[in-house]
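# Coordinate analysis (summary)
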Amino acid sequence: MKRNRRYIRYCMILAAMLLLAGCSTEPGEEVREDDDRGYNLPVDGTEREEAEQDCAAVLELTKEFWQDAQDEGGVLTAEEAEAMAGVIAEQGDPVTTFDLYQNMKNYEVMDDFLEGCEGGKSGEAAEYEVYKDGSIGRKKFICDGEDLYVLSVTCSWRGEKQSIGEMTYTRAERWNYTDRGWFFYKLCTPGYPEVTEVLYSNAMLRVKPYEEECAEISRTCLEPIAYEGNNLLWSDWDPGNMDDLDYNGLFQYLYELDSGEIFDSARYTEGIPAEEFESLMTRYLPVSPEQLREYASYDARSGIYEWIALGVGNRTKSVMDLSEPEVVDIEENEDGTVTLTVDAVSEGMMDDAVLTHRLTVRFTDGGGIEFLKNEVEGDALERMPDYVYRIQES
């Protein structure tokens, strides 16, 4: 399954780091005179040399993987990225890949560093990230006992030559290391009047190991759907209450779950044929074709379900944007179904459980899944804006 959302976030963060401006602060917030911007800080010559040497070394170690990726279209598979990370990890540094649910290698180093930071202890830790295009990010986290800084650079091969990108040194405006092992941080970025729009500079890393069975279910069954553009996982529904799901919005995500391919919107500019739409929905949900034609946006004359891309006018802006589902408990029921307790991990809110829901499913032969019921715990839905459906009914 392709994971473009995380790559997009990486690009957004990189773009923000390349702007030359200061870090916005809250009114009355005190800042040190020698570090008032927090952004585009000078890079010490020794640190720069160390980073360049480290990047050159890991590129040499992983050149074979990069060459194999070029032969296969310039994109690493999850398995190739994991193998690549294993080679880098032999140096003893923490390493992650673009697979959100893959455990960080040498996590103890990062865990010790962050716990020390929480206790006001100075220290540093270099962490490597393997990206989908085969490039490698090196982030050195430095704590001076009070503030956290990130020295960041990306390196890659360009033909037979090594390429090391622009190096940035930035203060974290805020950060959080949760008991479950999620490390969230937000980098300093320009504020008004330097820019007129808020720049996204949040990032998150899972540090502590994640139970393998939970990770596999999250990766294969839930991540393709997640919480953006549909409300399957953040609304209450069951077989007797199916009318509030956004079926027209959900189609593209079930398509990707079912096929393992990126949704091709060009195929559906005129809508989705009823047979294709209903076949997919009834395969994954306890809903009939008759119910779909009643609940979804459907044109009976043409036999077409409406579909339009997610955009400004039909997007729900909430804490669920770019949140990721994480299974934290698996309960087997007597009738053969399974109830998953799932936390929505929110990078934007820096919260590893911005919403918790219990999702009942049935795993089918061949590795398939049927979604049977979802129940959001507590009052999380009451604190969120109303869901905006993909198709706006007139």
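Structure: above.
One structure accompanies this document, and this report is about it. (Residues numbered from 1 in each chain as written. Predicted model: local features only at pLDDT ≥ 70, side-chain atom pairs only at ≥ 80, totals over all residues. Heavy atoms only, no water.)

### Comments concerning the pattern of salt bridges
Counted under the stated rule, the structure contains 24 salt bridges. Salt-bridge contacts for Arg-219 lead to Asp-99; the nearest nitrogen and oxygen are separated by 2.8 Å. With a gap of 120 residues between them, Arg-219 in helix H5 (residues 212-222) and Asp-99 in the loop between strand S1 (95-97) and helix H4 (107-118) connect regions that are remote in the sequence. We note that Arg-219, like Asp-99, is buried. (Salt bridge = Lys/Arg side-chain N within 4 Å of Asp/Glu carboxyl O. Helix = DSSP H or I, 4+ residues; strand = E, 2+ residues; numbered from the N terminus. Buried < 20%, exposed > 50% of the residue type's maximum accessible area, 1.4 Å probe, protein only.)

### Describing the pairing of strand S14 (residues 351-364)
Pairing analysis gives eight bridges linking strand S13 (residues 338-346) to S14, with the strands arranged antiparallel. When the bridges of S14 are listed, Thr-341 appears paired with Arg-358. In textbook terms, the turn of a hairpin is the stretch between consecutive antiparallel strands, and for S13 and S14 this stretch comprises four residues, one of which, Met-350, has a positive phi near 55°. Bridge count for S14 against strand S15 (residues 368-376) is eight bridges, and the pairing is antiparallel. Paired with Thr-360 across the strands is Lys-373, a residue of S15. Between S14 and S15, which pair antiparallel and follow one another directly, the connecting turn spans three residues, one of which, Gly-366, has a positive phi of 85°. (Pairing = 2+ DSSP bridges.)

### Overview of the packing of helix H6 (residues 247-259) against helix H7 (residues 274-284)
Contact geometry for H6 and H7: axes closest at 10 Å, N-to-C directions at 75°. Considering their axes alone, H6 and H7 lie roughly perpendicular with respect to each other. From H6, Tyr-247, Asn-248, Leu-250, Phe-251, Leu-254, Tyr-255, Leu-257 and Asp-258 reach across to H7, where they touch Glu-276, Phe-277, Leu-280, Met-281, Arg-283 and Tyr-284. Its residues placed into classes, the contact of H6 with H7 shows ten nonpolar, one polar and three charged. (Axes fitted to C-alpha atoms, helices over the stretch in contact; angles between N-to-C directions. Parallel < 35°, antiparallel > 145°, perpendicular 65-115°, else oblique. Contact = heavy atoms within 4.5 Å. Nonpolar A, V, L, I, M, F, W, Y, C, P; charged D, E, K, R; others polar.)

### Some words on the pairing of strand S6 (residues 168-177)
Pairing between strand S4 (residues 148-158) and S6: four bridges, direction antiparallel. Each residue of the ladder has a partner; that of Tyr-149, found in S6, is Arg-171. The pairing of S6 with strand S7 (residues 182-187) spans five bridges and is classified as antiparallel. Bridging from a neighbouring strand, Asn-176 pairs with Phe-184 of S7. The turn joining S6 and S7, which pair antiparallel and follow one another in sequence, is formed by four residues; a positive phi near 100° is taken by Gly-181.

### Looking at the sheet that holds strand S11 (residues 304-305)
Backbone-to-backbone hydrogen bonds pair the strands of a sheet. The strands run either parallel or antiparallel. Judged by pairing direction, the sheet is antiparallel, and its three strands sit side by side in the order S9-S11-S10 without closing on themselves. At either end of the open sheet lies a strand with only one pairing partner, and these are strand S9 (272-273) and strand S10 (298-299). One ladder, built from two bridges, connects S10 with S11; its direction is antiparallel. Bridging across to S11, Asp-299 finds its partner in Ile-304.

### Notes on the sheet that holds S13
Spatial ordering of the open sheet is given by S12-S13-S14-S15, a layout of four strands whose pairing is antiparallel. On the outer flanks of this sheet lie strand S12 (324-332) and S15, each paired with one strand and no other. When strand polarity is set aside, the average angle formed by the axes of neighbouring strands in this sheet is 30°.

### Some details on helix H2 (residues 45-71)
In this model H2 runs 37 Å from its N-terminal to its C-terminal C-alpha over 27 residues, within 8% of the 39 Å that 1.5 Å per residue would give. Along its length, H2 reaches its greatest deviation from straightness, about 60°, at Thr-62. By the burial criterion, the buried members of H2 are Glu-47, Ala-51, Cys-55, Val-58, Leu-59, Thr-62, Lys-63, Phe-65, Trp-66 and Ala-69. Packed against the buried residues of H2 are helix H3 (78-89), strand S2 (123-130), strand S3 (136-143), S4 and strand S5 (161-164). Capping the start of H2, Asp-44 holds a side-chain oxygen 2.9 Å from the backbone nitrogen of Thr-46, two or three residues further along. Trailing H2 by a residue or two, Gly-73 shows a phi angle of about 95°, which is positive. (Expected span 1.5 Å × (residues − 1). Bend = angle between axes of the 7 residues up to and from the residue. Polar contact = N/O pair within 3.5 Å; in protein donor to acceptor, adjacent residues only side chain to side chain.)

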